[in-house]
Amino acid sequence: MKKIKGALISVFYKDGLAEIVKELDKHGVKIYSTGGTQTFIEGLGVKAHAVEDLTGYPSILGGRVKTLHPKVFGGILNRRDNEGDQKQIAEYEIPEIDLVIVDLYPFEQTVADPEATEQQIIEKIDIGGISLIRAAAKNFKDVAIVPSVAQYGYILDLITKQDGATTLEQRRHLAAEAFNVSSNYDTAIFNYFNRTENIPAFKQSFTESKATHLRYGENPHQAATYFGDLSAQFEQLHGKEISYNNMLDMDAAVNLIAEFGDARNSEPAFVIMKHNNACGVAVRPTLVEAWKDALAGDPVSAFGGVLITNRVVDKATAEKINEIFFEVIMAPGYDDDALAILETKKNRIILKTKGDASVRSGKQFRSLLGGVAVQERDAKVGGQDSEAKPVTNKTVTDAELKDLVFANKIVKHSKSNAIVLAKDGMLLASGIGQTSRVDALKQAIAKAKSFGFDLRGAVLASDAFFPFADCAEIAHKEGIDTIIQPGGSVRDQDTIDYCNANGMAMVFTGLRHFKH
């Protein structure tokens, strides 16, 4: 146990401070303070010594410099068991400070105020406070740090029950709390400046959000933790705890549905996601039609899937959705009668997207080889308007181009090697995650046929170029005569020649969409 003899108190928020001050005074603790905090303490009938009297300097530069002085930081940082330190604090008449209670200017609240000016925001970047927090936390062996109002109850309980003293373990705990506060504060400031700079910030996701321990990872024998704030993107209306695998599919689904716009600029769209790949996608005039045709693409794989739409779910759609088993549904909203239907399954996770849940950071992070790789997010699609470059004698119609772009959006979000077959705004089948493009195409064709689809008039999208003309030949034999692909192979002309000889249309996008 270490008795508190000297304390520095300088806070922005004073709620709950009075009880602490009175308890410290009861135990004879000498209190140093500044400005409004000193006035508050003395208003309680407790003596507070001005930091200005200790340092011999007034608060200067409009309050930017108050506590930044060797007599303050020396009082905090001196090592009580270090003979040299003790000689110096005696020589320079530096008092020992055993407790620091300080908080930080409300930077985040100021940034959130739409009327706040740049200068007002900058002035809320705390310098003295953050320095005091770090100094006291560093010297936790001798000093207790209370870095925010959140710890007021903790320190009050300690000094009340322990006769104005703290233990080393308690001071270590407070130091950890302090560095959590300081790291989050610095992250908020970084986020403000990074609005225009777009600097990769992998560590940010681990510091700004509370860690959530999940039931397990991809498999029950793997531990898992989520760092982030799901509540900023979704409101959970119903169902069980979201799992690691749910999150993977949710992320893939959110990214894909974003390609189809929202109620302001597009038709209703429905996506069914399974193991990070779409097994059903459709765009239709009504939501219930979009659901029916998305499900028709692969009603077997849809079992246990994750669903997402860009429209408010109505009763008619909810009745149809309720006929199958699925894990998660995400939508901008739900009519009351639709929600009542969907809630009939106890564990079904029902999420309401907040604002534009499709908005993502411009960077992607992946752990590999004991490190972290960072890349820019794939923000382009290809094939739209002037991006589509006709390379065959036969050109595509407007309706075919619409289907080509639709298919290209899906193949962009499918595991490579990937081929997507689509027709009339509906996913017929995908060939995904194959080691050869021919295998991916054969898989897609076989799957489409297994569900009875006629491939004549369908379009084909490939996530990378065709190294040979074989895929065009296989597609043509199935009645698929319209292709979209990046182009760029040294043998592109072979494929173009085959298409021209067989009355096929093909466009190049110049954009590869590998997804590993």
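Relevant structure appears above.
Each chain carries its own residue numbering, running from 1 in the written order of its sequence. Note on the predicted model: pLDDT of at least 70 is required for a residue's local features to be given, and 80 or more for side-chain atom pairs to be given and counted; whole-chain, interface and lining totals, by contrast, use all residues. Calculation of side-chain values draws on the structure's entire complement of heavy atoms; hydrogens and water are dropped beforehand.

A. Just the overall build of the protein, in detail. When helices and strands are counted, the protein shows 19 helices and 23 strands. For the radius of gyration, the atom set is restricted to C-alpha positions; the globular benchmark scales as 2.2 Å times the number of residues to the power 0.38. Since a compact globule built from 516 residues should have a radius of gyration of about 24 Å, the 31 Å found for the protein marks it as more spread out than a globular shape. Taken along its principal axes, the extent of the C-alpha atoms in the protein is 95 × 55 × 45 Å. By definition, residues are in contact when any of their heavy atoms lie within 4.5 Å. In the protein, 57% of the contacts between residues at least 6 apart in sequence involve partners at least 24 apart. Areas reported here follow the Shrake-Rupley algorithm with a probe of radius 1.4 Å; residue values treat only the protein chains shown as occluding. Here the protein displays about 24,900 Å² of accessible surface, and carbon together with sulfur accounts for 52% of that area. Every helix listed is a DSSP run of H or I at least four residues long, and every strand listed is a run of E at least two residues long, numbered separately from the N terminus.

B. Spotlight on the packing of aromatic side chains. Here the aromatic set is Phe, Tyr and Trp, taking the six-membered ring for Trp, and pairing holds for ring centres within 6.5 Å; pairs whose planes are under 30 degrees apart are stacked, those over 60 apart are edge-to-face, and all others are tilted. Tallied over the full model, the rule gives 8 aromatic pairs. Measuring from ring centre to ring centre gives 5.9 Å for Phe107 and Tyr192, while their planes differ by 85°; the resulting arrangement is edge-to-face. Within this pair, whereas Phe107 is found in helix H6 (residues 107-112), its partner Tyr192 is found in helix H10 (residues 168-197), the two being separated by 85 residues in sequence. Just as Phe107 is buried, Tyr192 falls in that class too. Relative to Phe193, the ring of Tyr192 has its centre 5.4 Å away and its plane inclined at 80°; by these criteria the two rings are edge-to-face. Cluster of aromatic residues (ring-pair linked, three or more members): Phe107, Tyr185, Tyr192 and Phe193. We count a charge as sitting over a ring when the NZ of a lysine or the CZ of an arginine lies within 6 Å of the ring centre and within 35 degrees of the ring normal. The ring of Tyr216 carries Arg215 above its face, with NZ or CZ at 6.0 Å from the centroid. Exposure is judged per residue with a 1.4 Å probe applied to protein chains only, and the accessible area is read against the type maximum: over 50% gives exposed, under 20% gives buried, and values in between give partly exposed.

C. Main features of the pattern of salt bridges. Should a side-chain nitrogen of Lys or Arg be within 4 Å of a carboxyl oxygen of Asp or Glu, the pair is scored as a salt bridge. What the rule picks out here adds up to 20 salt bridges. With its nearest N and O atoms 3.6 Å apart, the salt bridge here joins Lys2 to Asp98. A residue pair is termed long-range when its members are at least 10 positions apart, and Lys2 in strand S1 (residues 2-3) and Asp98 in the loop between helix H5 (83-91) and strand S5 (99-102) qualify at 96 residues. On the basis of relative accessible area, Asp98 is assigned to the buried category, the value being 4%. A salt bridge links Arg437 to Asp463, with the nearest nitrogen and oxygen atoms 2.5 Å apart.

D. Local environment of the packing of helix H4 (residues 70-77) against helix H8 (residues 128-138). At their nearest, the axes of H4 and H8 sit 8 Å apart, and the two run at 30° to each other. In terms of orientation, H4 lies roughly parallel with respect to H8. Between H4 and H8, the residues in contact are Val72, Phe73, Ile76 and Leu77 and Ser131, Leu132, Ala135, Ala136 and Lys138, respectively. All residues other than Ala, Val, Leu, Ile, Met, Phe, Trp, Tyr, Cys, Pro, Asp, Glu, Lys and Arg, Gly among them, are scored as polar; the first ten of these are nonpolar and the last four charged. Considered class by class, the residues forming the contact of H4 with H8 number 7 nonpolar, 1 polar and 1 charged. Note on method: axes are straight lines fitted to C-alpha atoms, helices fitted across the in-contact stretch only, with angles between N-to-C directions ranging 0 to 180 degrees. Roughly parallel means an angle under 35 degrees; roughly antiparallel means over 145; roughly perpendicular covers 65 to 115; every other angle is labelled oblique.

E. A look at a negative patch on the surface. Grouping into patches uses exposed residues only, defined as over 30% relative accessible area, and leaves out salt-bridged ones; the cut-off is 9 Å for like charges and 5 Å for nonpolar side chains (Val, Leu, Ile, Met, Phe, Trp, Tyr). The charged-residue count follows a simple rule in which Lys and Arg add positive charge and Asp and Glu add negative charge, with His and chain termini not counted at all. For this purpose, a charge sits on NZ of Lys, CZ of Arg, CG of Asp or CD of Glu. Where like charges cluster on the molecular surface, the negative patch consists of Glu319, Asp335, Asp336 and Asp337. Positionally, Glu319 belongs in helix H14 (residues 315-321).

F. Geometry of the environment of Ile350. Tracing the backbone through its elements, the reader meets Ile350 in strand S15 (residues 349-353). Sequence-wise, Ile350 and His238 are 112 residues apart; in three dimensions their C-alpha atoms are separated by 5.1 Å. Apart from the residues lying within four places of it in its own chain, the contact partners of Ile350 are Glu235, Gln236, Leu237, His238, Ile329, Tyr334, Leu339, Leu342 and Glu343.

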